[in-house]
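Architecture at a glance
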Amino acid sequence: MAKPFSPTTVIAPHSHPRGQLVYSTVGVIRVTTEAGSWTASPLRGVWIPPAVDHETRMIGAVEMRTAYLREDLCDQLPARVSAVEVTPLLRELIIRASMAPFDYDPDSHTGKLIEAIPGEVRATDARPIHLRTPTDPRLLVVCRELEKNPDNSEDLEVWARRAGASSRTLHRLFCAETGISFVRWREHVRIRSAIERLDAGVPLEKVARQVGYSSASAFTAMFRRICGHPPCFRNTR
């Protein structure tokens, strides 16, 4: 499916009987489930297994390209929602698939290209960044504010007073409900926000400031430490 969306469009939680590979040739898409949130963009996609409820939110104007896979093909792919690096080959396969008629001939040249999509998804590296959604209301106070303002650098003591809990309790809750510490969760928020901005074409130096870093080099060092590689930029093709 190929479909444009206007900025801030939100598709309410829903699911599909088929697996779905969400991708955007222009703009950024945030996919949210009960387990957390992932980002699709010109550099990365989001794999959603069949029957998984998910909300889709457009950040800026979006040109979505979605590939739906039959349930029997999904056994080859991750059983959980996953971020997927979109290689140049996978990008072209998704675009070609989105141009094909719904009842394309599997034995045609287009059909053979489409059949290559699951294998190319398996061959890509999953991005490690996604945010698990907590349920404790005290954590939600902190998490929602940091998602709105990723440049906020207040320490855990300040947030604990604001949330009505001790810093020790808040630290324990972060580890229990998100699997990581407060500091690491904030870093992940900043990385996700930065990925969305970089993929939208915002310069690295400006992105670094917007997510709480005084320099591009300091931000890049944090990004490399967590992701294992420097920040990637939007494919301008």
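Everything below is about the structure shown above.
A word on the packing of aromatic side chains
Two descriptors summarise a pair of aromatic rings, namely the distance from one centre to the other and the angle between the planes of the rings. One pass over the structure, following the stated rule, counts four aromatic pairs. Note on Phe 174 and Phe 182: the rings are 5.5 Å apart at their centroids and 70° apart in plane angle, and the pair reads as edge-to-face. The pair formed by Phe 174 and Phe 182 is uniform in burial state, with each residue classed as buried. The positively charged end of Arg 162 is found above the aromatic ring belonging to Trp 159, 4.5 Å away from the centroid.

Notes on the nonpolar core
Grouped together as the largest cluster of nonpolar side chains are 17 residues, with contacts concentrated most on Leu 21, Trp 47, Leu 69, Leu 90, Ile 117 and Val 121. Within the residue set of this core, elements represented by two or more residues are strand S3 (19–33), strand S6 (54–69), helix H2 (88–99) and helix H4 (117–123). Excluding residues that lie within four positions of it along the chain, Val 121 makes contacts with Leu 21, Leu 77, Val 84 and Leu 90.

Concerning the pattern of salt bridges
Evaluated as defined, the whole model comprises eleven salt bridges. For Asp 107, the salt bridge goes to Lys 112, with nearest N and O atoms at 4.0 Å. When its relative accessible area of 62% is taken as the criterion, Asp 107 is described as exposed. One network of salt bridges, in which partners are shared, links Arg 184, Glu 187 and Arg 225.

Concerning the packing of helix H6 (residues 156–163) against helix H7 (residues 167–178)
Two elements in contact, H6 and H7, have axes whose closest approach is 8 Å; the angle formed by their N-to-C orientations is 95°. With respect to each other, H6 and H7 are oriented roughly perpendicular. For the pair H6 and H7, contact is made by Leu 156, Glu 157, Trp 159, Ala 160 and Ala 163 and by Ser 167, Leu 170 and His 171, respectively. Per-class residue counts for the contact of H6 with H7 are five nonpolar, two polar and one charged.

Details of the pairing of S3
The buried fraction of S3 amounts to 13 of the 15 residues, a majority that puts the element mostly inside the structure. Taken together, the twelve bridges between S3 and S6 define a ladder with antiparallel strand orientation. Considered in S6, the bridge of Val 28 is made with Ile 59. By the bridge criterion, three bridges tie S3 to strand S5 (residues 44–48) in an arrangement that is antiparallel.

A word on H2
Every α-helical turn comprises 3.6 residues, leaving residues that sit three or four positions apart pointing alike. Its twelve residues place the ends of H2 17 Å apart at the C-alpha level, agreeing with the 16 Å of an ideal helix rising 1.5 Å per residue. Residues Leu 90, Arg 91, Leu 93, Ile 94, Ile 95, Ala 97 and Ser 98 constitute the buried set of H2.

Procedures and definitions
Residues numbered from 1 in each chain as written. Predicted model: local features only at pLDDT ≥ 70, side-chain atom pairs only at ≥ 80, totals over all residues. Heavy atoms only, no water. Phe/Tyr/Trp six-rings, centres within 6.5 Å; stacked < 30°, edge-to-face > 60°. Buried < 20%, exposed > 50% of the residue type's maximum accessible area, 1.4 Å probe, protein only. Lys NZ or Arg CZ within 6 Å of the ring centre and 35° of its normal. Core = buried A, V, L, I, M, F, W, Y, C linked by side-chain atoms within 4.5 Å. Helix = DSSP H or I, 4+ residues; strand = E, 2+ residues; numbered from the N terminus. Contact = heavy atoms within 4.5 Å. Salt bridge = Lys/Arg side-chain N within 4 Å of Asp/Glu carboxyl O. Axes fitted to C-alpha atoms, helices over the stretch in contact; angles between N-to-C directions. Parallel < 35°, antiparallel > 145°, perpendicular 65-115°, else oblique. Nonpolar A, V, L, I, M, F, W, Y, C, P; charged D, E, K, R; others polar. Pairing = 2+ DSSP bridges. Expected span 1.5 Å × (residues − 1).

All quantities given are derived from atomic positions and should not be read as evidence of function.
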